Amino acid sequence: MENTQWAYENLRSVHLELSTLCNSICPWCPRYVDFSPNVNPNIVEGAYTLERFKRHFPRDFIQQIEFWTFAGDYGDPCTCPEILDIIEYILSIKDCKMQINTNGGMRNTKFWQQLGELMRGSPDETYTQYQKRYVIFSVDGLEDTNHIYRRNVKWHKVISAMETYSDSGARGIWEFLKFKHNEHQKEEVLQIGKKLGFPVRFKNPNGFEGAPMPAKDKDYNISYEIHPAKWPRDGDGTLVTIPIKPIEATDKQLDFIKMINADDVKYKDVAHILEQPRSGCINCQAKTFGAGNEIRINHDGTVWPCSFFGHLSSKYLKGRIVSVVHQFQALGILEGIQNNLDNNTLKEILDNDPFRKVYESWDDNSVLLCSHSCGQEQNTMEKIYERPTNGR
């Protein structure tokens, strides 16, 4: 199979993690260890500077990119001190599309006004061009509920950011994770979104690993638990409480996970067990995200085939069950690749075809992360959004 998707000259979209800093302490976030506020030891806290950005992304590369996403898994892009400078630099080279995901609970009104002006562009642009750039505000409730999942995020900061950004005339979207504690606020959220001019997307959260989601303290004691929202019942659509599906794992599987967690096995020794052919086909979402042919780059400079690999790359899973095998295999098949932009240029990295084992696995669906994220029957993004057509 020929590599066309991740060929340097074919890239059209970049998902860049600008920062590993964050004001929020969301329980399930991979920035933290085991639902606690303790920062993941696998990450280095910091943020991109404009100078580093210029070193990693030459002008000719910026000119070929149609869509930039600033999100990530280990930090909020709006904590990056030089995000405005970076955006301004990109737009000075190419009038491209852009998406920023943020919890909105940081910075001051001057920042949100300036960000809005950059994202809005020229007042002379047509409506179609206006749609090019937008900020997604991840806000899961109102003053009395948003902080339950978005721990440490202050409501007055959030609503000020959303209002100031809205007043700039820029495009915004409100994404709302549905839980038991906030599901009653749906209509009020829609009304506030209408006033702001932000469409609201309701999302189904991850994080229920066979039980209610624990919000733990620094000593790993459970401070409180978060429960899922109700789901429409098949047939009449009545909202009902659906029991959390227990983790299904045999004793043999649990022993295998325990072995992985103890670092007692190398991937090459068990690859034949994990790389089993599976039914179905892969519809790689990196082909369609943004403007298509997307690459993921973490703050540490590592380059990954997509956001699902980037998410798992540094996640701390010692003592956990969910995603342990997926991470073990994902890192195992990519072991030894030279994929850091601090050491090699992006062209040098991709010219070495580092993701060959990923795209070659699509023939028999043998990589679990690809199968469960982008498989025909397991599309992760379709599960997260209320409507299957609500892609990123």
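Please read these numbers as outputs of a predicted model, since none were measured by experiment. Numbering of residues begins from 1 in every chain and follows the order in which that chain's sequence is written. Two thresholds apply to this predicted model, a pLDDT of at least 70 for residue-level local features and 80 or more for giving and counting side-chain atom pairs, whereas whole-chain, interface and lining totals are computed over all residues. Only hydrogens and water are set aside when side-chain values are computed; all heavy atoms of the structure are taken into account.

Enquirer: Just checking my understanding: could you explain the pairing of strand 1 (residues 13–16) for this structure?
Expert: Along any regular strand, the residues point their side chains to alternate faces of the sheet. For every residue, the accessible area (1.4 Å probe, protein chains only) is compared with the maximum for its type, and the residue is labelled buried under 20%, exposed over 50%, or partly exposed between those bounds. Going along the chain from the N terminus, every DSSP run of H or I of four or more residues is numbered as a helix, and every run of E of two or more is numbered as a strand. Judged by which residues are buried, strand 1 turns out to be covered on both faces: Ser-13 and His-15 on one side and Val-14 and Leu-16 on the other are all buried. Where strand 1 and strand 2 (residues 67–70) come together, four bridges link them in parallel fashion. By the bridge assignment, Leu-16 is partnered in strand 2 with Phe-70. Pairing between two strands requires that DSSP report at least two bridges joining them.

Enquirer: Looking at this model, I keep getting lost on the side chain of Arg-52. Mind explaining?
Expert: With respect to the secondary-structure elements, Arg-52 resides in helix 1 (residues 50–56). You can call Arg-52 buried: its relative accessible area is 11%. Setting aside chain neighbours within four positions, we find Arg-52 in contact with His-299, Asp-300, Gly-301 and Asp-342. Only heavy atoms matter for contacts: two residues are in contact if any of them lie within 4.5 Å across the pair.

Enquirer: Would you explain the pattern of salt bridges in this entry?
Expert: If the charged atoms of two oppositely charged side chains come close together, the side chains can form a pair. By convention in these notes, a salt bridge is any Lys or Arg side-chain nitrogen within 4 Å of a carboxyl oxygen on Asp or Glu. If you walk through the whole model with that rule in mind, you get 18 salt bridges. Between Arg-296 and Glu-17 there is a salt bridge whose closest N-O contact spans 4.0 Å. Linking Arg-296 in strand 11 (residues 294–297) with Glu-17 in the loop between strand 1 and helix 1, this pair joins segments that are 279 residues apart in sequence. Looking at Glu-17, the relative accessible area reads 1%, which means it is buried. One salt bridge in this structure joins Asp-34 and Lys-216, with 2.9 Å as the shortest N-O distance. Of this pair, Asp-34 sits in the loop between strand 1 and helix 1 while Lys-216 sits in strand 7 (residues 213–216); the two residues are 182 residues apart in sequence, bridging distant segments of the chain. A single network of salt bridges, built from pairs that share partners, joins Glu-17, Asp-73 and Arg-296.

Enquirer: Would you explain unusual backbone geometry in this entry?
Expert: Even without being glycine, Asn-293 reaches a positive phi, approximately 45 degrees. Of note, the phi angle at Asn-365 is positive, near 60 degrees, even though the residue is not glycine.

Enquirer: In this structure, what is going on with the packing of helix 3 (residues 83–93) against helix 4 (residues 109–120)? I would like to understand it.
Expert: Angle between the axes and distance between the axes are the two parameters that describe a pair of packed helices. To define axes, lines are fitted to C-alpha atoms, for helices over the stretch in contact only, and angles between the resulting N-to-C directions are given on a 0 to 180 degree scale. Close contact between helix 3 and helix 4 brings their axes to 11 Å; oriented N to C, the two are set at 15 degrees. When the axis of helix 3 is compared with that of helix 4, the two are roughly parallel. The chirality of how helix 3 crosses helix 4 is left-handed. Where helix 3 approaches helix 4, its residues Ile-83, Leu-84, Ile-87, Glu-88 and Leu-91 are matched on the opposing element by Phe-111, Gln-114, Leu-115 and Leu-118. Any angle that is under 35 degrees is reported as roughly parallel, and any over 145 degrees as roughly antiparallel; angles of 65 to 115 degrees are reported as roughly perpendicular and all others as oblique. When the near helix sits turned anticlockwise from the far one by under a right angle, the crossing is termed left-handed; a clockwise turn instead gives a right-handed crossing.

Enquirer: Teacher, can you tell me more about the environment of Val-44 here?
Expert: Topologically, Val-44 is positioned in the loop between strand 1 and helix 1. Distance in space between the C-alpha atoms of Val-44 and Asp-300 is 7.4 Å, their sequence separation being 256 residues. Non-local contacts of Val-44, meaning those with residues more than four positions away in its chain, are made with Thr-20 and His-299.

Enquirer: When you look at the packing of aromatic side chains in this model, what are you seeing that I'm missing?
Expert: How two aromatic rings sit relative to each other is set out by the distance from centre to centre and by the angle between their planes. For this analysis, a ring pair means two rings from Phe, Tyr or Trp (six-membered ring only for Trp) whose centres lie within 6.5 Å, classed as stacked if their planes differ by under 30 degrees, edge-to-face if by over 60, and tilted for the remaining angles. Taken as a whole and assessed by the stated rule, the structure comprises 19 aromatic pairs. Ring plane angle 90 degrees and centroid distance 6.4 Å describe the contact between Phe-53 and Tyr-89, whose orientation is recorded as edge-to-face. With Phe-53 in helix 1 and Tyr-89 in helix 3, this pair connects stretches of sequence that are 36 residues apart. For Phe-53, a relative accessible area of 0% gives the class buried. Relative accessible area serves as the criterion here: at 15%, Tyr-89 is assigned to the buried category. Here the aromatic cluster, defined as three or more aromatic residues joined through ring pairs, consists of Tyr-8, Phe-53, Phe-57, Phe-61, Trp-68, Phe-70 and Tyr-89. It is Arg-171 that lies over the ring of Tyr-134; its NZ or CZ is 4.4 Å from the centre. A positively charged side chain is recorded as over a ring if its NZ (Lys) or CZ (Arg) lies within 6 Å of the ring centre. The angle to the ring normal must also be within 35 degrees.

Enquirer: Explain the nonpolar core here, please?
Expert: Where a protein is soluble and globular, its nonpolar side chains tend to be buried together. By size, the foremost hydrophobic cluster in this structure holds 91 residues, and its most contacted members are Leu-16, Phe-53, Phe-57, Trp-68, Leu-115 and Phe-309. Counting residues per element, this core draws most heavily on helix 3, which supplies seven residues. Once residues within four sequence positions are removed from consideration, Phe-53 is found in contact with Leu-16, Tyr-48, Ile-62, Trp-68, Ile-86, Tyr-89 and Ile-90. Joining through side-chain atoms within 4.5 Å is the link that ties buried Ala, Val, Leu, Ile, Met, Phe, Trp, Tyr and Cys residues into a set, and such a set is a nonpolar core. Counting residues in hydrophobic clusters, the runner-up holds eleven residues, among them Cys-29, Tyr-32, Ile-148 and Ile-226.

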